[in-house]
Amino acid sequence: MIFVSLFITFFEIGLFGFGGGYGMLSLIQHETVEAHHWLSTSEFTDIVAISQMTPGPIGINSATYCGYTAIHNAGYGHLVSILGSATATFALVLPSLILMILISKMFMKYMNTPLVQSIFTGLRPAVVGLLAAATLLLCNTENFSTPIENPWQFGISCALFVATAFGTGYLKINPIRMICYAAFAGLLLLY
Amino acid sequence: MNIYWDSFKTFFHIGIFTLGGGYAMIPLIEEEVVNKKKWVTKDDMLDLIAIAQSCPGVFAINIATFIGYKLRKTRGAICTTLGTALPSFLIILAIAMFFSQFKDNKVVAAMFRGIRPAVVALIAVPTFRLGQRAKLNRYTIWIPIACALAIWALGVSPIYIIMIAAVGGYIYGRL
């Protein structure tokens, strides 16, 4: 049953995931964290961090990780969990495969028509909103702690947030290097 | 060399060496597929990138499928898609299998407490960049705000937002 649910969920993510890796984030987050509780918010954030540091698209990475974790948390062994990984990844890729083949076969000439273009005109601003939602949803106690519960960690977290936004946004520091700095800061200040 | 094996290998290679997601792989794909192997022309490549960007799904997979299909129809598409997905699949699988053992390690836990807020910032920054690229103005700025609030505050599924936006764009185009 959980295999079917994994397959359907990641097929949907593949089918409706507009706007590339980051655009897909809120969809992946909504499905895996909010709707199915396969991952916690901090686990999801960790996957995003790991995806930044390892090669490969974030969509594939989260499908693989999620497929494994969901099955493993349901009490199955390593081998069955690997099958879960494969199921989720296959389900994510399948809509792309079908859609791109269909477009190559017959819809290439329709891609520039006003009708298709107007649909994309509607999607573009919405994808910005999707990404904003992903950011807002990740700004929670699991990732930042709270001023009451742990004021020290909350303060450091906010400082790291601002520093990373400034570092990658204005100073154009490589995101991977920025993650390494943050890890070092965490080790020094939040141990 | 067998073209299926060759295309699989080329995209496997591209899959291994792309850090930082889909768009970072465009120059690598161009070098391998356009300049070295000459599987597609430069102009075709620009069209493929434009379509792969606007379609749903993982960008890298979309591009790989296109090129594979151009080479050897459906079987070619399967080869290139497999090649692109396999490196990340194997790497993340290894991490998923062993990360849970390290997660509770005090050093690793402290590092990830520092990494998490940084990652949130890494997602916040492209939000603004994407907003600029979408050419938002004061008549359209409410659309992303409304979408974000619907998802964040009301818990609406992003799938519905996508559907409504597509229909909205279609209706707007007919006015």
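Bear in mind the structure is a predicted one, so any value in this text is a computation, not a measurement. (Residues numbered from 1 in each chain as written. Chains lettered and ligands numbered in written order. Predicted model: local features only at pLDDT ≥ 70, side-chain atom pairs only at ≥ 80, totals over all residues. Heavy atoms only, no water.)

### Digging into the domain arrangement of chain A
Frequently, the measure chosen for interface size is the accessible area that the parts lose on association. Residue and element names in this part refer to chain A. Looking at the assigned domains, one finds that chain A contains domain 1 (1–105) and domain 2 (114–190). The C-alpha centroid of domain 2 is placed 21 Å from the C-alpha centroid of domain 1. With 16 residues of domain 1 at the contact, the number on the domain 2 side is 14 residues. Interface area, domain 1 with domain 2, both sides summed: about 1,300 Å², of which 72% is carbon and sulfur. Together, Phe 18, Ser 26 and Thr 41 form the three largest contributors to the area buried by domain 1 at its contact with domain 2, with a combined 33%. On inspection of domain 1 and its partner domain 2, the count reaches zero salt bridges. Where domain 1 packs against domain 2, one counts five residue pairs in polar contact (both at pLDDT 80 or more). When residues of the side of domain 1 that touches domain 2 are traced back to their parent elements, those giving at least two are α2 (20–35) and α3 (41–53). Among the elements that line the side of domain 1 that touches domain 2, the one with the most residues is α3, at seven residues. Its residues assigned to classes, the side of domain 1 that touches domain 2 shows six nonpolar, nine polar and one charged. (Domains from an automatic or database assignment. Contact = heavy atoms within 4.5 Å. Buried area = accessible area lost by both parts, 1.4 Å probe. Salt bridge = Lys/Arg side-chain N within 4 Å of Asp/Glu carboxyl O. Polar contact = N/O pair within 3.5 Å; in protein donor to acceptor, adjacent residues only side chain to side chain. Helix = DSSP H or I, 4+ residues; strand = E, 2+ residues; numbered from the N terminus. Nonpolar A, V, L, I, M, F, W, Y, C, P; charged D, E, K, R; others polar.)

### A short note on the packing of α3 of chain A against helix α4 (residues 58–73) of chain A
Residue and element names in this part refer to chain A. Close contact between α3 and α4 brings their axes to 10 Å; oriented N to C, the two are set at 135°. Taken as axis vectors, α3 and α4 run oblique relative to one another. Considering how the two elements wind past one another, α3 and α4 form a crossing that is right-handed. In contact with Glu 43, Ile 47, Val 48 and Ser 51 of α3, α4 contributes Ile 58, Asn 61, Ser 62, Tyr 65 and Thr 69. Residues of the contact of α3 with α4, tallied by class, amount to four nonpolar, four polar and one charged. (Axes fitted to C-alpha atoms, helices over the stretch in contact; angles between N-to-C directions. Parallel < 35°, antiparallel > 145°, perpendicular 65-115°, else oblique. Left-handed = near helix turned anticlockwise from the far one by under 90°.)

### Quick look at the interface of chain B and chain A
Facing 79 residues of chain B, the contacting portion of chain A comprises 93 residues. Together, the buried faces of chain B and chain A total about 7,800 Å²; carbon and sulfur atoms form 80% of this surface. Of all residues in chain B, the largest losses of buried area upon contact with chain A belong to Leu 122, Ile 123 and Ile 162 of chain B, amounting jointly to 8% of the total for that side. Seen at the junction of chain B and chain A, the total is one salt bridge. A salt bridge links Asp 46 of chain A to Arg 116 of chain B, with the nearest nitrogen and oxygen atoms 2.8 Å apart. For the pair chain B and chain A, the interface holds five residue pairs in polar contact (both at pLDDT 80 or more). For the side of chain B that touches chain A, the secondary-structure elements that each account for two or more residues are α1 (3–16), α3 (42–54), α4 (59–103), α5 (106–133), α6 (142–152) and α7 (158–174) of chain B. With 23 residues, the top contributor of residues to the side of chain B that touches chain A is α5 of chain B. Class assignment of the residues belonging to the side of chain B that touches chain A gives a composition of 56 nonpolar, 18 polar and five charged.

### Here we look at the packing of aromatic side chains
Residue and element names in this part refer to chain A. Applying the stated criterion across every chain yields a total of six aromatic pairs over all chains. With centroids separated by 6.0 Å and ring planes inclined at 20°, the aromatic side chains of Phe 7 and Phe 11 adopt a geometry described as stacked. One end of the pair, Phe 7, and the other, Phe 11, are both in helix α1 (residues 2–16), four residues apart, so they sit about a helical turn from each other. Among the residues examined, Phe 7 registers a relative accessible area of 28% and is labelled partly exposed. Here Phe 11 falls in the partly exposed class, since its relative accessible area comes to 24%. Site record: aromatic cluster; members linked through ring pairs are Phe 7, Phe 11 and Phe 90. (Phe/Tyr/Trp six-rings, centres within 6.5 Å; stacked < 30°, edge-to-face > 60°. Buried < 20%, exposed > 50% of the residue type's maximum accessible area, 1.4 Å probe, protein only.)

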